[in-house]
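Below are the chains, spelled out letter by letter.
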Amino acid sequence: MRLHADRESCISGGRCMATLPEVFDQDDEGIVVLLTPTPAPEHQAKARKAAYLCPARAIDITESPTPD
Amino acid sequence: MAEAEAPPYPQPRTCPYQPPAGYREIAESGPVLKVTLFDGRESWMITGYKESREILTHPNLSSLRTHPNFPIVAPRFRSQIARSLALIAMDPPVHDTYRRYLNPHFSLKQVRRMRPEIEKIVSGFVDRIIAQGPPADLVPLLAVPLPSLIICRHLGVPYEDHEFFQDASGKVMLGTEEESATAAQNLVDYIDALVTEQIKSPTDGLLGRLVTERVLTGDIGHEELVSIALVLLIAAHETTSSSLALGVITLLEHPDQLAKLLEDRGRLPGAVEELLRFIATTDLVATRVAKGDIEIAGHLIREGEAVLVSGTLANRDAKFHERPDEFDVLRSDTHHVTFGFGIHQCLGQNLARLELEIAFRELFTRLPGLRLATDVADLPILGAGTVQRVLSLPVEW
């Protein structure tokens, strides 16, 4: 899984940081800061939830192709 | 095919925390239908959860209340002030610029720094409730003054004026058309004087910070700051106050759920989210007009047509919530559109969550055995199509 957070469209709702603080933070302006673009496997479900809850749809997820 | 007659909207609640019975018919005709407003005009209404998220992020949905077809759900929203509110009645790009001015002051990080102060304030209110003894009315003793005091402190409005603010913002939201317009003008005049003071000598609150960061830099003028301050005050008061009161009632009316919550206080943030979903204090989460055609769920909303989004019904969409009409503090599907969705999603949402969490924790911890002192059916309620409210909330313990 690879994450992208668009700081231009972010509206500082903080849903991402509330859902997964290990991956999402806010700067002094309240705008999203991605702590890592590649969340650990145990964080991926919450990363999807954070993207779903984002009111500005500022979080994009590229899922890794399943190895089979 | 002839369309079914558009049902009337809004309808008053009979239970303070449940949708009115007539909304069942509206939901059954959803997720997209037409409703009839009090003035006889028709508006589109969105009742589906997915469709609410979709339309609230659609570029052709406009918040410009000066549009002649903009839907008016109650007479008081006809006033000039209501039609020109900063942020709420703005579209991009101006909306986004203003929002960026305010985001730093309401971000999750910033709001978390306010926790100790809010805890202290709530504790003081509960001290007074205990000192007064049962029965106590939680509306004037906690639900109304708490959000008022906190937003006044945050803005840097003198404390001695907070009763004026509380009273005036209540009238703007809930008064008759004439009361609402007069109260709004009184607020504007007061804020105008306050902004003049702040421009002369900015203090440490949000108003003073905005003077330093935005007015003295030339980004915005005096009038714009007045308009922003007005919206922050109005938006902060009634919604949080009503959610607090309706939240207490809902918890007391579901003792099994309250017991689950009290077993583990770590469940409180989830319970607050479920309360926000379930009680949908604002009933309506968006009033808009289409500035271009919008295709949604097989319907074509044409440019210039009015659009309403029902938070109450979207939050209970059975396609997206299991047992949607059940209040369940442990549910994982607490997602809701109570704060809206898209670029206008509530600026103060994290402050509201924190105030509610702290208030519920303090109340149910320090007043064990808390119960309603009257039957829930006897509580006086007010509001249809906008902020749902109880006028009093007598409790014992």
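How each quantity is defined
Counting of residues starts from 1 at the beginning of each chain's written sequence and follows it residue by residue. Just so you know, chain letters begin at A and ligand numbers begin at 1, following the order they were written in. Local features in a predicted model are, by the rule used here, given only for residues with pLDDT of at least 70; side-chain atom pairs are given and counted only at 80 or more, and totals for whole chains, interfaces and linings are based on all residues. UniProt positions are given in the numbering used here, feature names are shortened, and annotations may be inferred rather than shown by experiment. Strands here are runs of E lasting at least two residues and helices are runs of H or I lasting at least four, both read from the DSSP assignment and numbered beginning at the N terminus. Computation of the radius of gyration draws on C-alpha atoms alone. For the globule rule, the value is 2.2 Å times the number of residues to the power 0.38. To sort residues by exposure, count the other C-beta atoms lying within 10 Å of each residue's C-beta; 20 or more gives buried, 12 or fewer gives exposed, and values between give partly exposed, all with C-beta atoms placed from the backbone. Every axis in this analysis is a line fitted to C-alpha atoms, fitted for helices over the stretch in contact. Angles between the N-to-C directions lie between 0 and 180 degrees. We call two directions roughly parallel when the angle between them is under 35 degrees, roughly antiparallel when it is over 145, roughly perpendicular when it lies between 65 and 115, and oblique otherwise. Helix crossings fall into two classes, left-handed where the near helix is turned counterclockwise from the far one by less than a right angle and right-handed where it is turned clockwise. Residue pairs qualify as contacts under a 7 Å threshold applied to their C-beta atoms, which are placed from the backbone. In this classification, Asp, Glu, Lys and Arg are treated as charged, Ala, Val, Leu, Ile, Met, Phe, Trp, Tyr, Cys and Pro as nonpolar, and every other residue, Gly included, as polar. Only strands joined by at least two bridges in the DSSP assignment are considered to pair. What makes a nonpolar core is a set of buried Ala, Val, Leu, Ile, Met, Phe, Trp, Tyr and Cys residues, with links drawn between C-beta atoms within 7 Å.

- Under an unreviewed UniProt entry, chain A has the name Ferredoxin and belongs to Streptomyces sp. LC-6-2.
- One UniProt comment on chain A, placed under Cofactor (unreviewed entry), says "[3Fe-4S] cluster".
- Under the UniProt heading Function (unreviewed entry), the note attached to chain A is "Ferredoxins are iron-sulfur proteins that transfer electrons in a wide variety of metabolic reactions."

**Some thoughts on the overall build of chain A**
For step 1, the next point in the chain: The number of helices and strands found in chain A is 2 helices and 4 strands.
For step 2, the next point in the chain: Mapped from its N terminus to its C terminus, chain A presents α and β elements in the order β-α-β-β-α-β.
For step 3, the next point in the chain: Here the C-alpha atoms of chain A give a radius of gyration of 11 Å, agreeing with the 11 Å that 2.2 N^0.38 yields for 68 residues.
For step 4, the next point in the chain: Structurally, chain A occupies a C-alpha span of about 45 × 20 × 15 Å along its principal axes.
For step 5, the next point in the chain: Counting across all 68 residues of chain A, residues that qualify as buried make up 35%.

**A closer look at the overall build of chain B**
For step 1, the next point in the chain: Looking only at helices and strands, one finds 16 helices and 12 strands in chain B.
For step 2, the next point in the chain: The globule rule puts the C-alpha radius of gyration for 397 residues at 21 Å, and the 21 Å found for chain B is close to it.
For step 3, the next point in the chain: With respect to the three principal axes, the spread of C-alpha positions in chain B is 65 × 55 × 35 Å.
For step 4, the next point in the chain: The buried share of chain B, taken over its 397 residues, is 48%.

**Here's the deal with the packing of helix α10 (residues 177–200) of chain B against helix α12 (residues 222–253) of chain B**
All names here are of chain B.
For step 1, the next point in the chain: Close contact between α10 and α12 brings their axes to 9 Å; oriented N to C, the two are set at 125°. Here α10 lies oblique to α12, going by the angle between them. Here α10 and α12 pass one another in a crossing that is right-handed. Residue-level inspection shows Leu187, Val188, Ile191, Asp192, Val195 and Ile199 of α10 in contact with α12, the latter providing His222, Leu225, Val226, Ala229, Leu230 and Leu233.
For step 2, the next point in the chain: Each residue belonging to the contact of α10 with α12 can be placed in one class, and the counts come to 10 nonpolar, 1 polar and 1 charged.

**With respect to the pairing of strand β1 (residues 2–5) of chain A**
Residues and elements named next belong to chain A.
For step 1, the next point in the chain: Of the two faces of β1, the one holding Leu3 and Ala5 is buried and the one holding Arg2 and His4 is not buried anywhere.
For step 2, the next point in the chain: Judged from the 4 bridges that link them, β1 and strand β4 (residues 59–62) form a sheet pairing that is antiparallel. By the bridge assignment for β4, Leu3 is matched with Ile61.

**Some words on the sheet that holds strand β3 (residues 61–62) of chain B**
All names here are of chain B.
For step 1, the next point in the chain: As summarised here, the arrangement of the 5 strands in space is β1-β2-β8-β5-β3, forming an open sheet in which the pairing is mixed. On the outer flanks of this sheet lie β1 (32–36) and β3, each paired with one strand and no other.
For step 2, the next point in the chain: Taken together, the 5 bridges between β1 and strand β2 (residues 42–46) define a ladder with antiparallel strand orientation. Among the inter-strand pairings, Val35 is bridged to a residue of β2, identified as Ser43.

**Points about the nonpolar core**
All names here are of chain B.
For step 1, the next point in the chain: Ranked by internal contacts, the top residues of the largest apolar core, which has 98 residues, are Leu138, Ala143, Ala229, Leu233, Ala245, Ala359 and Leu393.
For step 2, the next point in the chain: Beyond its immediate chain neighbours, meaning those up to four positions away, Ala143 contacts Leu138, Ser241, Leu244, Ala245 and Leu393.
For step 3, the next point in the chain: Counting residues in hydrophobic clusters, the runner-up holds 34 residues, among them Ala27, Val35, Leu61 and Leu308.

**Structural notes on unusual backbone geometry**
For step 1, the next point in the chain: Residue B:Pro31 follows B:Gly30 across a cis peptide bond; omega there is 5°.
For step 2, the next point in the chain: Mapping B:Pro31 onto the fold places it in the loop between α1 (23–28) and β1.
For step 3, the next point in the chain: Here the bond from B:Pro134 into B:Pro135 is cis, since omega is -5°, no more than 30 degrees from zero.
For step 4, the next point in the chain: Following the sequence through the fold, B:Pro135 ends up in the loop between α6 (115–132) and β4 (136–137).
For step 5, the next point in the chain: Here the phi dihedral of A:Arg57 falls at roughly 50°; this positive angle occurs in a residue that is not glycine.

**Observations regarding the interface of chain B and chain A**
For step 1, the next point in the chain: Tallying the contact residues gives 15 residues for chain B and 14 residues for chain A.
For step 2, the next point in the chain: If you list the elements that add at least two residues to the side of chain B that touches chain A, you get α4 (94–106), α5 (108–112) and α16 (349–366) of chain B.
For step 3, the next point in the chain: For the side of chain B that touches chain A, a count of residues per class yields 4 nonpolar, 9 polar and 2 charged.

**A look at the environment of B:Arg353**
Residue and element names in this part refer to chain B.
For step 1, the next point in the chain: Along the polypeptide, Arg353 turns up in helix α16.
For step 2, the next point in the chain: A residue is classified by how many C-beta atoms lie within 10 Å of it, and Arg353, with 22 of them, is buried.
For step 3, the next point in the chain: Here the alpha-carbon distance between Arg353 and Ser243, two residues 110 residues apart in the chain, equals 9.8 Å.

**Some words on the packing of α10(B) against helix α11 (residues 206–215) of chain B**
Residue and element names in this part refer to chain B.
For step 1, the next point in the chain: The interhelical angle for the contact between α10 and α11, taken along N-to-C directions, is 65°, at an axis separation of 9 Å. For the crossing formed where α10 meets α11, the hand is right-handed. On the side of α10, the interface is formed by Leu194, Val195, Gln198 and Ile199, while α11 contributes Leu207, Gly208, Val211 and Val215.
For step 2, the next point in the chain: For the contact of α10 with α11, the residue count by class is 6 nonpolar, 2 polar and no charged.

**Points about the sheet that holds strand β12 (residues 394–396) of chain B**
All names here are of chain B.
For step 1, the next point in the chain: The 3 strands lie next to each other as β4-β12-β9, forming an open sheet whose pairing is antiparallel. Only two strands of the sheet have a single neighbouring strand rather than two, namely β4 and β9 (371–372).
For step 2, the next point in the chain: In this structure, β4 lies alongside β12, joined through 2 bridges in antiparallel fashion. Directly across from Asp137, in β12, lies its bridge partner Pro394.

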